[in-house]
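Residues per chain, in single letters:
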Amino acid sequence: PLPLECQLHGQGESGPVLVTGDPIDAKGSGYFQLSLSVYGMVREIACLSKKEIPHDNLRCLYGKHERLLNNLLERYNVGLITDLYAFFNQPWAYALYTTGFTELARECADIYQTNEDAGLATSRDMDDTYSFLRLSERSKRMSLEDQEKIIQMYKNSSVPLYVENLTLKYVSEHKLQLPMYIRDDHIAAIYRSQSSSPLYKDLSKNRPKHGQTPE
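Predicted, not measured: the structure shown is a model, and the values here were computed from it.

S.K.: If you had to explain the nonpolar core to someone new, which residues and values would you point to?
M.R.: Of all hydrophobic cores here, the largest spans 27 residues; its most connected members are Leu34, Leu72 and Phe88. Residues in contact with Leu72, not counting those within four places in the same chain, are Leu18, Leu34, Glu66, Ile81, Leu84, Phe87 and Phe88.

S.K.: Explain the side chain of Thr20 residue by residue, including any values.
M.R.: Along the chain, Thr20 turns up in strand 1 (residues 14-20). The exposure class assigned to Thr20 is buried, which follows from its relative accessible area of 6%. Only 3.1 Å separates the side chain of Thr20 from the backbone nitrogen of Leu84, close enough to count as a polar contact. Setting aside its immediate chain neighbours within four residues, Thr20 contacts Gly30, Tyr31, Phe32, Tyr76, Ile81, Thr82, Asp83 and Leu84.

S.K.: So what's going on with the sheet that holds strand 1? Residues and values would help.
M.R.: Ordered by their spatial adjacency, three strands build an open sheet running 1-2-3, and the pairing between neighbours is antiparallel. Whereas interior strands pair on both sides, the edge strands pair on one side only; in this sheet they are strand 1 and strand 3 (42-48). The mean inter-strand angle of the sheet, taken between neighbouring strand axes irrespective of direction, is 15°.

S.K.: Describe helix 8 (residues 159-173), listing the residues and the values that go with them.
M.R.: Across its 15 residues, helix 8 extends 21 Å between first and last C-alpha, which sits within 8% of the 21 Å expected from 1.5 Å per residue. When helix 8 is considered as a whole, its buried residues turn out to be Val159, Tyr170 and Val171. The buried residues of helix 8 all sit within an arc of 100° when viewed along its axis, so they share a single face.

S.K.: Give me helix 7 (residues 144-155): which residues, what numbers.
M.R.: In an α-helix, one turn spans 3.6 residues, which is why side chains three or four residues apart end up on the same side. Between its first and last C-alpha atoms helix 7 spans 16 Å; for 12 residues at 1.5 Å apiece the expected length is 16 Å, and the two agree. Along helix 7, the residues classified as buried are Asp146, Ile150 and Met153. What you see down the axis of helix 7 is that its buried residues fit within an arc of 60°, all on one side. Within helix 7, the exposed residues directed more than 90 degrees away from the buried face are Leu144, Glu145 and Lys155.

S.K.: So what's going on with the side chain of Ser35? Residues and values would help.
M.R.: With respect to the helices and strands, the residue Ser35 is situated in strand 2 (residues 31-37). According to the relative accessible area criterion, Ser35 is buried, its value standing at 6%. Filtering out sequence-adjacent residues up to four positions away, Ser35 remains in contact with Pro16, Val17, Met41, Val42, Arg43 and Glu44.

S.K.: Give a description of the pairing of strand 2 that names residues and reports values.
M.R.: Of all seven residues making up strand 2, five are buried, and the element is well covered by its neighbours. Examined bridge by bridge, strand 1 and strand 2 share five bridges and lie antiparallel to one another. Counted as the bridge partner of Ser14 is Ser37 from strand 2. Bridge count between strand 2 and strand 3: six bridges; the pairing is antiparallel. Opposite Leu36, over in strand 3, you have Val42 as the bridge partner. Linkage of strand 2 to strand 3, two consecutive antiparallel strands, is achieved through a turn of four residues, within which Gly40 is found at a positive phi near 85°.

S.K.: Hey, could you go over the pattern of salt bridges for me, with residue numbers and the actual values?
M.R.: Enumeration over the complete set of coordinates arrives at one salt bridge. The salt bridge involving Arg43 is made with Glu44; its shortest N-O contact spans 3.9 Å. Take Arg43: its relative accessible area is 11%, and that puts it in the buried class. On the basis of relative accessibility, which here comes to 41%, the residue Glu44 falls in the partly exposed class.

S.K.: Describe the packing of aromatic side chains, listing the residues and the values that go with them.
M.R.: Here the structure, examined in full by the defined rule, presents five aromatic pairs. With 4.9 Å between their ring centres and 80° between their planes, Phe32 and Tyr85 make a pair best called edge-to-face. One end of the pair, Phe32, is in strand 2; the other, Tyr85, is in helix 4 (residues 84-87), and 53 residues separate them in sequence. Judged by its relative accessible area of 0%, Phe32 falls in the buried class. When the centroid spacing of 6.4 Å and the interplanar angle of 55° are considered together, the rings of Phe88 and Trp92 count as tilted. We note that Phe88, like Trp92, is buried. Grouping aromatic residues by their ring pairs yields a cluster made of Phe32, Tyr85, Phe87, Phe88 and Trp92.

Conventions adopted
Residues numbered from 1 in each chain as written. Predicted model: local features only at pLDDT ≥ 70, side-chain atom pairs only at ≥ 80, totals over all residues. Heavy atoms only, no water. Core = buried A, V, L, I, M, F, W, Y, C linked by side-chain atoms within 4.5 Å. Buried < 20%, exposed > 50% of the residue type's maximum accessible area, 1.4 Å probe, protein only. Contact = heavy atoms within 4.5 Å. Helix = DSSP H or I, 4+ residues; strand = E, 2+ residues; numbered from the N terminus. Polar contact = N/O pair within 3.5 Å; in protein donor to acceptor, adjacent residues only side chain to side chain. Pairing = 2+ DSSP bridges. Axes fitted to C-alpha atoms, helices over the stretch in contact; angles between N-to-C directions. Expected span 1.5 Å × (residues − 1). Arc of directions from axis to C-beta. Salt bridge = Lys/Arg side-chain N within 4 Å of Asp/Glu carboxyl O. Phe/Tyr/Trp six-rings, centres within 6.5 Å; stacked < 30°, edge-to-face > 60°.

Any link to function would need more than the numbers given here.
Shown next as structure tokens:
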């Protein structure tokens, strides 16, 4: 059974439905149907395939916003996604399947209401707009005007920097699980640690220059 929080995200009005594959095509990956809520959250997933289905990974998608899934809806609408199985098996998605990612998402969400340094919790002008962010009060769709207010509030705050730092910290702590996210500074740190080893030898210093004959 799905966790309660995933079941809650499945409630409410239905939104777009994304479909790839053919359930009777044995040569393809199989049939994949993903349903979003009106708020862009993953609410239902239906898979039918003769191949092994990565259900442990796919269940991690429940309750996630489609923008978090590499702009899923936009990519699908412009025809960039023809196989949802392959899409969610790409390296960018691996962080979603780690055990601590849900907690990371919660920490990022908490910044909006608990971190005054981010410039959000003390904004009195946005009190009415905050009510739309509460799951229990989402009885109607947010107006475009309120959406624009939240976007501007986000851009004018320090939240993007806080979220970026939390995410980079998470990737650094899970670098063995997520080598596809390795950054240049991580590579430099690995190089420095190896260069101090007595077993390390910098072969580049012994390479002959252009036109020279090697000894």
